[in-house]
Amino acid sequence: MTSHADFVVRGARVWTDGAVRVGEDALAVADGRIVARGRFEGLAPLVGSRTRVIDAGGATVTPGICDAHLHLLGWAQALREISLADCNSAAAAVARVAAHIAAHPGDGGVVGLGWDPNGWPDAPHHDALDRVSGARPVLLRSKDTHAVWLNGAALARAGVTRDTRDPAGGRIVRDASGEATGVLLETATRFCAPLLADDTETDRAALDVAIGRLAGFGVTAVHDFEGPYAQRLIREALDQGPPRLRVLMHLAHAGLDAALALGLASGTGDDTFRIGAIKLFADGTLGSRTAAMLEPFEGTSDLGIEVIPPAELRELVRRAFEGRLSVAIHAIGDRAARNAIDAFEASAHAIPRLALPPRIEHLQLVTETDQARIARLGLGASMQPSHATSDAVTAERHWGARVTHSYPWRSFRDRGAVLAFGSDAPVEPPDPSAGLFAAITRQVPGAPGASRAFVPAQRVTLDEALSAYTEGGARLAGAWPRLGSLAAGSHADLVVWRDDLHALAPERLRVARPAITVVGGRVVHEAAGAAESREPAALRGAA
C-alpha cells in the first residue's frame, strides 16, 4: 500500500453494501483504489503533503452510481433533437415541429423524440406533419422509442406504401382505407434505416457532453444497449485518457452469429469496458400497446406483439448459452416475461457456466408465480424506477386490476432476486436522484401527497434503492465488489453528495446532486464550492 493517499474524504456518512457504516466517517484513496475506511483519526497517517483532504460536511458518500440500462449514444443524440415529451396532443407535437422548421430552414431531415399518444384527443398521422414540413422528411420517435411517426416524405424514403407488408414482430399502422398513417411499430421501425445517416464527428462531440452530464448525476458506470456503430464510438471515447465512465456493452440480436463465430464470450474485457449479454426482444412496450399480454389490454382484444416468438426465443437462448454468451431479454408484458423465463428455464443447466448472469429488462408486469421463478433461476431483474411513476396512468388505463403485479421491486427484493436499477435513457432522463425518489415513493408526477402513490406496496427503502443502483449493477456486470462497493481494494468510483441523503425529505431527494464524482481515483465532476482542506494541482482530474 502507498505510504500516503492521493485523497481522503472526511466528515462523511459513509454508505456501502446496503447501509451507512456506523462509526466510520472517512475513506482514503490511492492509485485508483479504496485503501482504507474508518474514523478519520485512524486514517490521519495516510495524509501527506500532497494528499487532498475533502471535508464532506456530514454528507453521504456512496459508491458510484451504475445505470444498469440505457442507450448512451441515443441519449446523447436526443439532447440535440426536438423534445416532444410535454406535448398533450398530436396538434401540439406538429406545432412544435413547425416551430423548429421555421427556426431551422433548409432541406435536411427533422428528428424528434418523446411523443406519447396515450390520452391524446387526436391520433398521429402523416397528413398533419405534411402540412408544416412539405418535402422535408420528418421522423419522430415515441417516448418509448418503439414507434416512429413519419411524414409523407419520410414514408416515401423509407419505401413504405399501401402494399408494404407488416414485418414479423412489427406493424404498419393503417387507416380505415388501408393507407399507412405514418406510424410504424416495433420491427416496422427498421424501414426507417435510410433516414438515419451516421454523423460521426457530431456524435463524438455529443457523447463527450453526455458522459460529462452523467458524471454530474453521479453515474460512474452504465450498461449500454446499442448497436455496433454506438459501440465503436463509445469505445473510442473511453480510450481518450483515464476512464470517465465504465461500460458494460451488450450486443444486439443481429450480432449473435458473428459473436459465436468469434468465440466472443460475455465477460470479455476489463472493468472499464466489458462485453455483456446478447439483447433479445420478447415484446414491445406499454405506451405503444405492443407489450405481449396474457390477457388483452383493458377494453380490447389486443394481446400485443411477440417480437420474437417463444420457440425462436428458446432456440436463441440455447445457442447463446452454448457459446458462453449471456442473454438479456426485453420483456414488459406478463406474457413476454413468461416467455423469457421459459426460454431461460429450458437452458438452465448452462447458466452456471456463464460469466455474467442472464437478465430480464424492464419486467413491468409479472405474475407472482413468474416472480418466484425469476428468483429461483437466479436471473437478474433490471428495472427502471422512473418508468413506474411516468407510466402509472397509462398502466392503470390498459392493465386495470393487474397493476398490483406491476413494477414489482419489493417482491423481487423480498424473494432474493438480483435487482438492478437504471433509467432506459433517452426514454427517461438518466438521473438517479429521480429514480431514488420514484423507488421509495412511487408517487405519480403532479399528484399531491402519498395518497397518489402507485401500488405503494411495491416501494423499497432508500438503502434498498441505493443497493440496486450500486451493488445490483455491479453484480450483473460480474464486477462486485470491485465495483459497487467502498470496501478496501475496490475501485475508487464514488460520489460525495451535497447532502446527507437519509436526512432529506423525498421531494428534496429527487433533486439531490453530487458535490464530487470520482472514477478510478480521479475527479470527473466537481460542483462549485466543494469543501476541502487542500487541493494539490497535480491531483485534479478532468472536469
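One can find the structure itself at the top, above this paragraph.
For the structure given in this document, a descriptive report is provided here. (Residues numbered from 1 in each chain as written. Predicted model: local features only at pLDDT ≥ 70, side-chain atom pairs only at ≥ 80, totals over all residues. Heavy atoms only, no water.)

### Some words on the environment of aspartate 163
1) Next: Relative to the helices and strands, aspartate 163 resides in the loop between helix H5 (152-158) and strand E13 (170-174).
2) Next: Between the C-alpha atoms of aspartate 163 and alanine 372, which are 209 residues apart in sequence, the distance is 45 Å. (Helix = DSSP H or I, 4+ residues; strand = E, 2+ residues; numbered from the N terminus.)

### What to know about the sheet that holds strand E7 (residues 60-63)
1) Next: If you walk across this open sheet you meet the six strands as E3-E2-E7-E22-E23-E24, and the pairing is mixed. Edge positions in the sheet fall to strand E3 (19-20) and strand E24 (522-526), since each of these pairs with one other strand and no more. (Pairing = 2+ DSSP bridges.)

### Side note on the sheet that holds E13
1) Next: Pairing in this open sheet of six strands is mixed, and the strands run E9-E10-E11-E12-E14-E13 from one edge to the other. Sheet topology places strand E9 (82-83) and E13 at the edges, where each strand pairs with a single neighbour.
2) Next: Along the sheet, helix H4 (residues 126-133) contacts strand E11 (138-142), strand E12 (147-150) and strand E14 (180-186); its crossing angle with E12, the most-contacted strand, is approximately 50 degrees. (Contact = heavy atoms within 4.5 Å. Axes fitted to C-alpha atoms, helices over the stretch in contact; angles between N-to-C directions.)

### With respect to helix H9 (residues 310-322)
1) Next: Here H9 contains 13 residues, and its C-alpha end-to-end distance of 18 Å stays within 8% of the 18 Å for a straight helix at 1.5 Å per residue.
2) Next: When we look at burial in H9, the residues that qualify are Leu313, Leu316, Val317, Ala320 and Phe321. Burial along H9 is one-sided: seen end-on, the buried residues are contained in an arc of 125 degrees.
3) Next: Against helix H8 (256-262), strand E17 (273-281), strand E18 (327-331) and helix H10 (334-346) lie the buried residues of H9.
4) Next: Downstream of H9 by one or two residues, arginine 324 has phi in the positive range, about 65 degrees. (Expected span 1.5 Å × (residues − 1). Buried < 20%, exposed > 50% of the residue type's maximum accessible area, 1.4 Å probe, protein only. Arc of directions from axis to C-beta.)

### Focus on the packing of H10 against helix H11 (residues 368-377)
1) Next: At a minimum axis distance of 10 Å, the contact between H10 and H11 shows a crossing angle of 30 degrees. Viewed along their axes, H10 and H11 adopt a mutual orientation that is roughly parallel. Crossing angle aside, the handedness with which H10 passes H11 is left-handed. Seen from H10, the contacting residues are Asp334, Arg338, Ile341, Asp342 and Glu345; seen from H11, they are Asp370, Arg373, Ile374, Arg376 and Leu377. (Parallel < 35°, antiparallel > 145°, perpendicular 65-115°, else oblique. Left-handed = near helix turned anticlockwise from the far one by under 90°.)

### Some remarks on the pairing of E18
1) Next: With respect to burial, E18 is a largely interior element, five of its five residues being buried.
2) Next: Where burial is concerned, the two faces of E18 agree: the one with Val327, Ile329 and Ala331 and the one with Ala328 and His330 are both buried.
3) Next: Where E17 and E18 come together, four bridges link them in parallel fashion. Bridge pairing in E18 places phenylalanine 281 opposite histidine 330.

### Some points on the side chain of glutamate 81
1) Next: Within the secondary structure layout, glutamate 81 lies in the loop between helix H2 (72-78) and E9.
2) Next: On the basis of relative accessibility, which here comes to 19%, the residue glutamate 81 falls in the buried class.
3) Next: A polar atom in the side chain of glutamate 81 sits 2.5 Å from the side chain of arginine 141.
4) Next: Leave out the neighbours within four places in its chain, and glutamate 81 touches Val111, Gly112, Leu113 and Arg141. (Polar contact = N/O pair within 3.5 Å; in protein donor to acceptor, adjacent residues only side chain to side chain.)

### Regarding the side chain of histidine 126
1) Next: Positionally, histidine 126 belongs in helix H4.
2) Next: Judged by its relative accessible area of 16%, histidine 126 is buried.
3) Next: Those residues in contact with histidine 126 that lie beyond four places of it in its chain are Trp149, Leu150, Asn151, Gly152, Leu155, Ala180, Thr181 and Gly182.

### Observations regarding the nonpolar core
Taken as a class, soluble globular proteins show a tendency for nonpolar side chains to be buried jointly.
1) Next: The biggest cluster of nonpolar side chains holds 98 residues, and the ones touching the most others in it are Leu72, Trp399 and Phe421.
2) Next: Setting aside residues no more than four positions away along its own chain, leucine 72 makes contact with Leu207, Ala210, Ile211, Leu214, Asp224, Glu226, Ile234 and Leu245.
3) Next: By size, the runner-up hydrophobic cluster in this structure holds 19 residues, among which are Ala90, Val94, Val138 and Ala147. (Core = buried A, V, L, I, M, F, W, Y, C linked by side-chain atoms within 4.5 Å.)

### So, the packing of aromatic side chains
1) Next: This model, assessed by the stated rule, comprises seven aromatic pairs.
2) Next: Seen from their ring centres, phenylalanine 321 and phenylalanine 344 are 6.0 Å apart, and the 10 degrees between their planes marks the pair as stacked. Here phenylalanine 344 lies in helix H10 and phenylalanine 321 lies in helix H9, a separation of 23 residues in the sequence.
3) Next: Of the residues examined, phenylalanine 344 reaches a relative accessible area of 0% and is grouped as buried.
4) Next: Ring geometry for phenylalanine 421 against tyrosine 469: centres 5.5 Å apart, planes inclined by 70 degrees, an arrangement best described as edge-to-face. Here the residue phenylalanine 421 occupies a position in strand E21 (residues 418-421), and tyrosine 469 occupies one in helix H15 (residues 462-469), the gap between them amounting to 48 residues.
5) Next: On the accessibility criterion, phenylalanine 421 (0% relative accessible area) is buried.
6) Next: According to the relative accessible area criterion, tyrosine 469 is buried, its value standing at 4%. (Phe/Tyr/Trp six-rings, centres within 6.5 Å; stacked < 30°, edge-to-face > 60°.)

### Here's the deal with H4
1) Next: When we look at burial in H4, the residues that qualify are His126, Ala128, Leu129 and Ser133. End-on view of H4: buried residues confined to an arc of 160 degrees, all on one side of the axis.
2) Next: Buried residues along H4 sit against helix H3 (90-103), E11, E12, H5 and E14.

### Concerning the environment of proline 481
1) Next: Here proline 481 lies in the loop between helix H16 (471-476) and strand E22 (494-497).
2) Next: The class of proline 481 is partly exposed, set by a relative accessible area of 36%.
3) Next: Separated by 464 residues in sequence, proline 481 and aspartate 17 have C-alpha atoms that sit 9.0 Å apart.

### Some thoughts on the pattern of salt bridges
Side chains that carry opposite charge are capable of pairing whenever their charged atoms lie near each other.
1) Next: Inspection of the entire model under this criterion finds 38 salt bridges.
2) Next: A salt bridge links arginine 39 to glutamate 41; the nearest nitrogen and oxygen atoms lie 3.9 Å apart.
3) Next: Of the charged contacts, one joins arginine 141 and glutamate 81 as a salt bridge, the two residues approaching to 2.5 Å between their closest N and O atoms. In this pair, arginine 141 sits in strand E11 while glutamate 81 sits in the loop between H2 and E9, placing the two residues 60 residues apart along the sequence.
4) Next: Looking at arginine 141, the relative accessible area reads 18%, which means it is buried.
5) Next: In this structure, a network of salt bridges that share partners links the residues Arg338, Asp342, Glu345, Asp370, Arg373 and Arg376. (Salt bridge = Lys/Arg side-chain N within 4 Å of Asp/Glu carboxyl O.)

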